[in-house]
Amino acid sequence: MSKDLESATSKPYYNIDRKGTLDAHTAAIASKYLPDEYTIRLIQVCKKFEYIFDQRHFNASDLTETTIKYYNFANLETVYIYNRSTAAVDLYKDNKVYKLINYYRDAFKDTDLCLPPLTVNIPSYRFYEKRFNRTFVVPTQITSIDKRAFYYSSGLYSIKLNTNLKSIGTEAFSRCSNLLSITIPESVTHMGESCFYDCHGLRSATLLNPIKELPSRTFGSCSLVNVSLPDTITKLGSECFENCVNLKNITLPSELKEIGEGCFDECSDLESIELPTTLTKISARAFMRCSSLENIRIPDGVRQIPRYCFFNCISLTSIRLPPGIVIDERAFERCPNLTIPQVN
């Protein structure tokens, strides 16, 4: 016998007086071990029991159209599925419950979890290694996705971010290897490092949010083919697009001033890139191992080509350098087809 049921039948808690009157507290404990239909009958004959379901954190029997209206979803956290036809499926889709526990083999095949209806953030590791059998729609009340919230969720193929979202934490979607595309809404003002790092399946990314800096390793080791960046970005952080081997070309923000270290390192399919006239700094290893890059024009505002900047760019045949630029040792090492022009 469980401790709760044992306490309900012990003298201090089993409060039935000589007239046979049952108190609400005892009824609430006992009702957890009875089918909901019995509890509903109790509520229907005596108003003092009408709040029994408000105390429930889980359902004792299967939710039906009849029983579901008695539950207070501010307190209901877990829904148990007992048969194929269940109202729990609709609760899951509407994000009204915290999690589902499947007791019936074919009742509900999705194994991902819901969020409490009043929460405003998706906490760290909330969907770690979870599988999703449909597009995950971030509820409208969510304003923050915390660090590693979807980390290693290889079953996440599609996600729709809401327009109230303000923050995406560090590595929030890192290693979601089957995520195919992402659109960041205008409302997002903060992005942590490595948000989509190592998302091998990610082929398309559209950023609508007016951020100033794209954080380090945001799209490192992705399979990006199409990228759209806002013109508000003035700095690309280190290794933002490192090892994006399918990226053939990219349009950089018109106001860009700095390209971080290793930003396009090992983008082996990158054939061309136009650097904006606003650019003033290119960091070390920025275009290292871009083996398909054939030509590039360095803007006048750039004063230095640092070490390993174009290391192993074996297809590079032409480069335009501004007057007075300083070229560091090994900046163009292993560029066998390039003749570096004289600069004054």
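Here we summarise the structure given alongside this text. (Residues numbered from 1 in each chain as written. Predicted model: local features only at pLDDT ≥ 70, side-chain atom pairs only at ≥ 80, totals over all residues. Heavy atoms only, no water.)

## Thoughts on the sheet that holds strand 12 (residues 226-228)
Sheet architecture is open: 3 strands sit in the order 8-10-12, paired in parallel fashion. Unpaired on one side and paired on the other, strand 8 (181-184) and strand 12 mark the two borders of the sheet. In this sheet, adjacent strand axes meet at a mean angle of 5° when their direction is disregarded. Strand direction decides the pairing type here: strand 8 and strand 10 (residues 204-207), joined by 4 bridges, are parallel. What sits directly across from Ile-182, in strand 10, is Ala-205. (Pairing = 2+ DSSP bridges. Helix = DSSP H or I, 4+ residues; strand = E, 2+ residues; numbered from the N terminus. Axes fitted to C-alpha atoms, helices over the stretch in contact; angles between N-to-C directions.)

## Section: the nonpolar core
Ranked by internal contacts, the top residues of the largest apolar core, which has 72 residues, are Phe-150, Phe-241, Phe-264, Phe-287 and Phe-310. Mapped by element, the contributors of at least two residues to this core are strand 8 and strand 10. If near-sequence neighbours (up to four positions away) are discounted, Phe-287 is found in contact with Ile-259, Phe-264, Ile-273, Leu-275, Ile-282, Ile-296, Cys-309, Phe-310 and Cys-313. (Core = buried A, V, L, I, M, F, W, Y, C linked by side-chain atoms within 4.5 Å. Buried < 20%, exposed > 50% of the residue type's maximum accessible area, 1.4 Å probe, protein only. Contact = heavy atoms within 4.5 Å.)

## A word on the sheet that holds strand 7 (residues 167-168)
Taken together, 4 strands build an open sheet; the order of strands is 3-5-7-9 and the sheet is parallel. The strands lining the two open edges of the sheet, one partner per strand, are strand 3 (121-122) and strand 9 (190-191).

## Remarks on the environment of Ser-223
Structurally, Ser-223 can be placed in the loop between strand 11 (213-214) and strand 12. Once the C-alpha coordinates of Ser-223 and Asp-198 are considered, the two residues, 25 residues apart in sequence, prove to be 8.9 Å apart. Apart from the residues within four sequence positions on either side, Ser-223 is in contact with Cys-199, His-200, Leu-202, Arg-203 and Asn-246.

## Some details on the packing of aromatic side chains
Applying the stated criterion to the full structure yields 16 aromatic pairs. Judged by centre distance (5.1 Å) and plane angle (65°), the rings of Phe-127 and Phe-136 are edge-to-face. Judged by relative accessible area, Phe-127 falls into the buried class, the value being 0%. Consider the rings of Phe-241 and Phe-264, whose centres lie 5.4 Å apart with planes at 10°: the pair is stacked. With Phe-241 in the loop between strand 13 (235-236) and strand 14 (249-251) and Phe-264 in the loop between strand 15 (258-259) and strand 16 (272-274), this pair connects stretches of sequence that are 23 residues apart. Relative accessible area serves as the criterion here: at 0%, Phe-241 is assigned to the buried category. Note on Phe-264: relative accessible area 0%, which makes it buried. Stacked on the ring of Phe-127, the Lys or Arg Arg-126 has its end atom at 5.1 Å from the ring centre. Sitting over the face of the ring of Tyr-151, Arg-148 holds its NZ or CZ atom 4.2 Å from the ring centroid. (Phe/Tyr/Trp six-rings, centres within 6.5 Å; stacked < 30°, edge-to-face > 60°. Lys NZ or Arg CZ within 6 Å of the ring centre and 35° of its normal.)

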